[in-house]
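# Tertiary structure, described
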Amino acid sequence: MRTFFIAVALAAVLVLPRSAKSQLSPIPPVADILSFALDPGRSNGDANSRIHLATLLSKYCAAVLNAVPRNTPGEDDWVSREMDTTDLARLARMDRSAEYSRWHLARTLNECVLYASRLTYGRPLPLVEEAKAWARLVMTFNSSGDTAIHATRLGLANSVADPYGLTLQGSIRYALTRAVMGTLDDMK
């Protein structure tokens, strides 16, 4: 089953027409991140493997962030105002908007870059701090279904192709969970 997810991820990129592939920004392969998660023979990762995963993730998120269209300051203000309500109709309208999709993806990817970079910056973190950083990354990718919807709404993914791996966030979250477990295993 895990091999199936890797195959789907690779197929999503491979089915793009050549002209579409050449227009994409160079995105670090999401397959490298998925292989950490989905390789049944791999342990939860030693410290070097986890740093490698954090490096891949930081580069991936930074590259995808560059591809995500941004809101204007006025659009970000509108999203903030719409979120500050108990009116379910307003919240539903906001949730279906392109402005919210751009805000959501930018926030998710910015958090990813921040926390993944923290894991790779300078000297190694104490294990408790490393585990917390991995857990924050897991939480960053907690709304993978929403991320796929927002990516599709903005034209960054569709039912045929997902060049940025935005519909595979659940598998990325699984890789991150394995890194948390590896860190906790090192605490023994």
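Keep in mind that what you see is a predicted model, and the values were worked out from it rather than measured.

A count of helical and extended segments in the chain gives 10 helices and zero strands. For the chain, with 188 residues in total, the buried portion stands at 40%.

What follows is about the side chain of Arg102. As for its position among the elements, Arg102 is in helix H7 (residues 98-120). Under the relative-accessibility criterion, Arg102 is labelled buried at 14%. Here the side chain of Arg102 touches Asn71 through a polar contact of 2.6 Å, side chain to side chain.

So, about the nonpolar core. For soluble globular proteins, the rule of thumb is that nonpolar side chains tend to be buried together. Ranked by internal contacts, the top residues of the largest apolar core, which has 39 residues, are Leu57, Tyr60, Trp134 and Ile172. For this core, the secondary-structure elements that each account for two or more residues are helix H3 (30-38), helix H4 (47-67), H7, helix H8 (127-140) and helix H10 (169-186). In terms of residue count, H4 provides more of this core than any other element does, nine residues in total. Ignoring sequence-local partners within four residues, the contact set of Leu57 consists of Ile33, Cys112, Ala116, Leu137, Phe141, Ile172 and Leu176.

Turning to H4, a few remarks are in order. The α-helix winds at 3.6 residues per turn, so residues separated by three or four positions along the chain end up facing the same way. Between its first and last C-alpha atoms H4 spans 31 Å; for 21 residues at 1.5 Å apiece the expected length is 30 Å, and the two agree. For H4, the set of buried residues is Arg50, Leu53, Ala54, Leu56, Leu57, Ser58, Tyr60, Cys61, Ala63, Val64, Leu65 and Ala67. In this structure, the buried residues of H4 make contact with H3, H7, H8 and H10.

What follows covers the packing of helix H5 (residues 73-83) against H7. When two helices pack together, their arrangement is given by the angle between the helix axes and by the axis-to-axis distance. Here H5 crosses H7 at 95°, and the two axes come no closer than 9 Å. By the criterion of interaxial angle, the relationship of H5 to H7 is roughly perpendicular. Two secondary-structure elements touch here, H5 through Glu75, Asp76, Trp78, Val79 and Met83 and H7 through Glu99, Tyr100, Arg102 and Trp103. Of the residues assigned to the contact of H5 with H7, the class counts are five nonpolar, no polar and four charged.

Turning next to the state of the cysteines. As enumerated under the stated definition, the model contains one disulfide in all. The residue that forms a disulfide with Cys61 is Cys112, at a sulfur-sulfur distance of 2.0 Å. Where Cys61 bonds to Cys112 through sulfur, the torsion about that S-S bond is close to 80°, and the disulfide is right-handed. Placement of the pair is Cys61 in helix H4 and Cys112 in helix H7, with a sequence separation of 51 residues. Here Cys61 and Cys112 have matching classes, each one buried.

All right, on to the pattern of salt bridges then. For the structure shown, the criterion picks out seven salt bridges. Where Asp186 meets Arg50, a salt bridge forms, and the shortest distance between an N and an O atom there is 2.8 Å. Of this pair, Asp186 sits in helix H10 while Arg50 is found in helix H4, placing the two residues 136 residues apart along the sequence. Note on Arg50: relative accessible area 1%, which makes it buried. Close ionic contact of Arg102 with Glu75 constitutes a salt bridge, the shortest N to O distance being 3.3 Å. Here Arg102, found in helix H7, pairs with Glu75, found in helix H5; they are 27 residues apart in sequence, far enough to count as distant.

About the thresholds
- Residues numbered from 1 in each chain as written.
- Predicted model: local features only at pLDDT ≥ 70, side-chain atom pairs only at ≥ 80, totals over all residues.
- Heavy atoms only, no water.
- Helix = DSSP H or I, 4+ residues; strand = E, 2+ residues; numbered from the N terminus.
- Buried < 20%, exposed > 50% of the residue type's maximum accessible area, 1.4 Å probe, protein only.
- Polar contact = N/O pair within 3.5 Å; in protein donor to acceptor, adjacent residues only side chain to side chain.
- Core = buried A, V, L, I, M, F, W, Y, C linked by side-chain atoms within 4.5 Å.
- Contact = heavy atoms within 4.5 Å.
- Expected span 1.5 Å × (residues − 1).
- Axes fitted to C-alpha atoms, helices over the stretch in contact; angles between N-to-C directions.
- Parallel < 35°, antiparallel > 145°, perpendicular 65-115°, else oblique.
- Nonpolar A, V, L, I, M, F, W, Y, C, P; charged D, E, K, R; others polar.
- Disulfide = S-S within 2.5 Å.
- Salt bridge = Lys/Arg side-chain N within 4 Å of Asp/Glu carboxyl O.

Remember that the coordinates give geometry; whether it matters functionally is a separate question.
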